[in-house]
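Okay, here's what each chain looks like letter by letter:
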Amino acid sequence: MKNQKQLEEKLNEIINENCIQMIFSGAKKKGITKKTKVRPVLVKNQIVFQVSHYIGTKVFHENLSKEEIQKEVLRLFNSEFKQGQIWTKQEFITILGNKQGKYTIISKLQESPKTQENFSHNRKKRYILEEGNYLPFLEDLGVMTKEGKIIKNRYDKFKQINRFLEFIEDILPHLPRNKKLTLIDFGCGKSYLTFAIYYYLKEKNGYDIHMIGLDLKEEVIENCSKLAQKYHYQELEFLKGDIASYTGVNQVDMVVTLHACDTATDYALYKAVKWGAKVILSVPCCQHEWNQQMKSKELSSILKYGIIKERMAALLTDAVRAEYLENYGYRTQLLEFIDMEHTPKNILIRGIYQGKSANNTKELSQIEEFFHVTPTLKCLLKKGTEE
C-alpha cells in the first residue's frame, strides 16, 4: 500500500509525453460523475491534458497543464473515484484507492511498446481494439485482414465490438482480481464478442477468467472451439446448450447476452440473478411478449397503430426488466448500444449488483395491471424465490 506522497511521485513519473490515456471509474457516490477520461492533446503547439467528465448522458471537457492534471488526478481519487487505469507507451498501471487514503499501484509492462497517439484535438476515434493492431480472431471471423485493416463492409461489426468493450471497460472496478472469474455469453453465435471479451479481459488486462460461450447451433460451437484451440485460449470453451436449461455452473460473475430473441433474454436475466452475477450486460431482441399481450382501454386509440404498439412494447419490456433487476439488488441502466442508423435493437441493459433492493413491487404490479401483461421474467423470479 502506498501513501499520497508516493502516489504523487508515481504520477510525476508517468504523466508526461509518454502518457497515452487515463480512465478513472468506480464512483464513490451515486449520481455524480460516472467516469473521467484524460488524454494528451496539442493546443497551440503545446501538449495539454484534455479531461472529459461523463455526467449522466453528457460529457464536459477541460484542458489542464501537466501540473494541473496531477492535482486533478489526486482530487479524483480523494473525492470521486475508487480506481484509475493509466496507459503509457511502456506500462499499463492500475491504481486502487481505499477510504483510509492508501493506494495500491499495479504496474504491468506492455508486451510491445505503444506508439505515441495523435495529439490532434480532432483525431479520429480511439477504439479499444484498434485498426492496424492485427488480431487473429478478427481475421478468422471475417472482420480484419492479415494486415490489420478492417474490411470495409464489416466496419459496423468492428464498431459494435468496440462499443461493447467500452461497457466492459466501465465495469472493470466491479470485477475482483483476487479470484478466478466465470463469464457466460448466452447465445454467442459466431462469437465476435466472446473472443473480444476474452482477449480484452485476459490477454490485455490480465484477469484470471474462465469464459463460456453457449449456443444451440452445433456447427457454430464446433468452429468456435477450433478457433479457441488455435489461439491457445485455454480458459475459453464453447458448449451447445439452451439458455433456459443450462446448469453447467453454480456461480457466475458476469452474464452477457447479445440479441437473445424474445423471452430468451428473460431466461438469461433470471439465470444471472439466480447465480448472483456481479455484472449483467444484455442487448435484447424481438420483444414479442408484451406486443402480444398488451392492451389498454385508455390507450386504445394509439395502440391500434401496429408500429407504435410494437415499439412501445419493446421499450416497456426493457424498462420493466430493468426494474425487476433493481428489485433484486442491481443498480441498472438502460444505455444506447450503437447508433439507431445501424440497428433499432440498440438498448443495452447494464446491471451491477449492489445488494440493495429498490422495493418497487407495488409500482411494477400497477404497470402490469394497466397494460394487462404477465412478464416472463416476473414468473421466473417468483418461481426461483419459491424453490
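Being a predicted model, the structure only gives us computed values, none of them experimental.

Colleague: Give me the lowdown on the packing of helix α10 (residues 306–327) against helix α11 (residues 361–371), citing residues and values where you can.
Modeller: Interaxial distance between α10 and α11 falls to 10 Å at its minimum, and their mutual angle equals 160°. In terms of their interaxial angle, α10 and α11 are classed as roughly antiparallel. Judged by the twist between their axes, the crossing of α10 over α11 is left-handed. Mapping the contact onto sequence places Met 312, Leu 316, Val 320, Glu 323, Tyr 324 and Asn 327 in α10 and Thr 361, Leu 364, Ile 367, Glu 368 and Phe 371 in α11. Partitioning the contact of α10 with α11 into residue classes produces seven nonpolar, two polar and two charged.

Colleague: Any details on the sheet that holds strand β3 (residues 46–55)? Residues and values, ideally.
Modeller: Strands sit in the order β4-β3-β2-β1-β5-β6-β7 across an open sheet of seven strands; the sheet is antiparallel. Of all the strands in the sheet, just β4 (58–64) and β7 (103–109) have a single pairing partner and so form its edges. The sheet shows a mean angle of 20° between the axes of neighbouring strands, taken without regard to direction. Inspection of the sheet shows strand β2 (residues 35–43) paired to β3 by nine bridges, in the antiparallel sense. Opposite Val 38, over in β3, you have Val 51 as the bridge partner. Those strands touched by helix α1 (residues 4–14) are β1 (19–27), β5 (81–88), β6 (91–97) and β7, and its axis lies near 155° from that of β6.

Colleague: So what about the packing of helix α4 (residues 155–171) against helix α5 (residues 192–204)? Which residues, and what values?
Modeller: In the contact formed by α4 and α5, the axes pass within 10 Å of each other and the chain directions differ by 45°. Between α4 and α5, the angle is such that the two are oblique. Pair α4 / α5 crosses with right-handed handedness. Between α4, through Lys 157, Ile 161, Phe 164, Leu 165, Ile 168 and Glu 169, and α5, the contact on the second element is made entirely by Tyr 192, Leu 193, Ala 196, Ile 197, Tyr 200 and Leu 201. In the contact of α4 with α5, the residues fall into ten nonpolar, no polar and two charged.

Colleague: Lay out the nonpolar core with the relevant residues and their values.
Modeller: Membership of the largest hydrophobic core comes to 53 residues, with the highest contact counts inside it found for Leu 129, Phe 137, Phe 195, Ile 197 and Leu 201. With nine residues, the single largest contributor to this core is α5. The contacts of Phe 137, once residues within four sequence positions are left out, are Leu 129, Phe 195, Ala 196, Tyr 199, Tyr 231 and Tyr 233. Ranked by size, the runner-up nonpolar core spans 33 residues in total, among them Val 273, Val 320, Tyr 324 and Phe 371.

Colleague: Which residues make up the side chain of Gln 70, and what values go with them?
Modeller: One can find Gln 70 in helix α2 (residues 66–80). For Gln 70, a relative accessible area of 16% corresponds to the buried category. A polar contact is formed between the side chain of Gln 70 and the side chain of Asn 12, at a distance of 3.4 Å.

Colleague: Quick one: what's the story with the pattern of salt bridges, residue by residue and with numbers?
Modeller: For the structure on display, the rule yields 18 salt bridges. A salt bridge links Asp 170 to Arg 350, with the shortest nitrogen-to-oxygen separation between them at 3.4 Å. With a gap of 180 residues between them, Asp 170 in helix α4 and Arg 350 in strand β14 (residues 347–353) connect regions that are remote in the sequence. For Lys 180, the salt bridge goes to Glu 235, with nearest N and O atoms at 3.0 Å. Residue Lys 180 is found in the loop between α4 and β8 (181–186), and its partner Glu 235 is found in the loop between α6 (218–230) and β10 (236–240); the two are separated by 55 residues along the sequence. By relative accessible area, Lys 180 is classed as partly exposed at 40%.

Definitions and cut-offs
- Residues numbered from 1 in each chain as written.
- Predicted model: local features only at pLDDT ≥ 70, side-chain atom pairs only at ≥ 80, totals over all residues.
- Heavy atoms only, no water.
- Axes fitted to C-alpha atoms, helices over the stretch in contact; angles between N-to-C directions.
- Helix = DSSP H or I, 4+ residues; strand = E, 2+ residues; numbered from the N terminus.
- Parallel < 35°, antiparallel > 145°, perpendicular 65-115°, else oblique.
- Left-handed = near helix turned anticlockwise from the far one by under 90°.
- Contact = heavy atoms within 4.5 Å.
- Nonpolar A, V, L, I, M, F, W, Y, C, P; charged D, E, K, R; others polar.
- Pairing = 2+ DSSP bridges.
- Core = buried A, V, L, I, M, F, W, Y, C linked by side-chain atoms within 4.5 Å.
- Buried < 20%, exposed > 50% of the residue type's maximum accessible area, 1.4 Å probe, protein only.
- Polar contact = N/O pair within 3.5 Å; in protein donor to acceptor, adjacent residues only side chain to side chain.
- Salt bridge = Lys/Arg side-chain N within 4 Å of Asp/Glu carboxyl O.

By themselves, these figures tell us nothing about what the structure is for.
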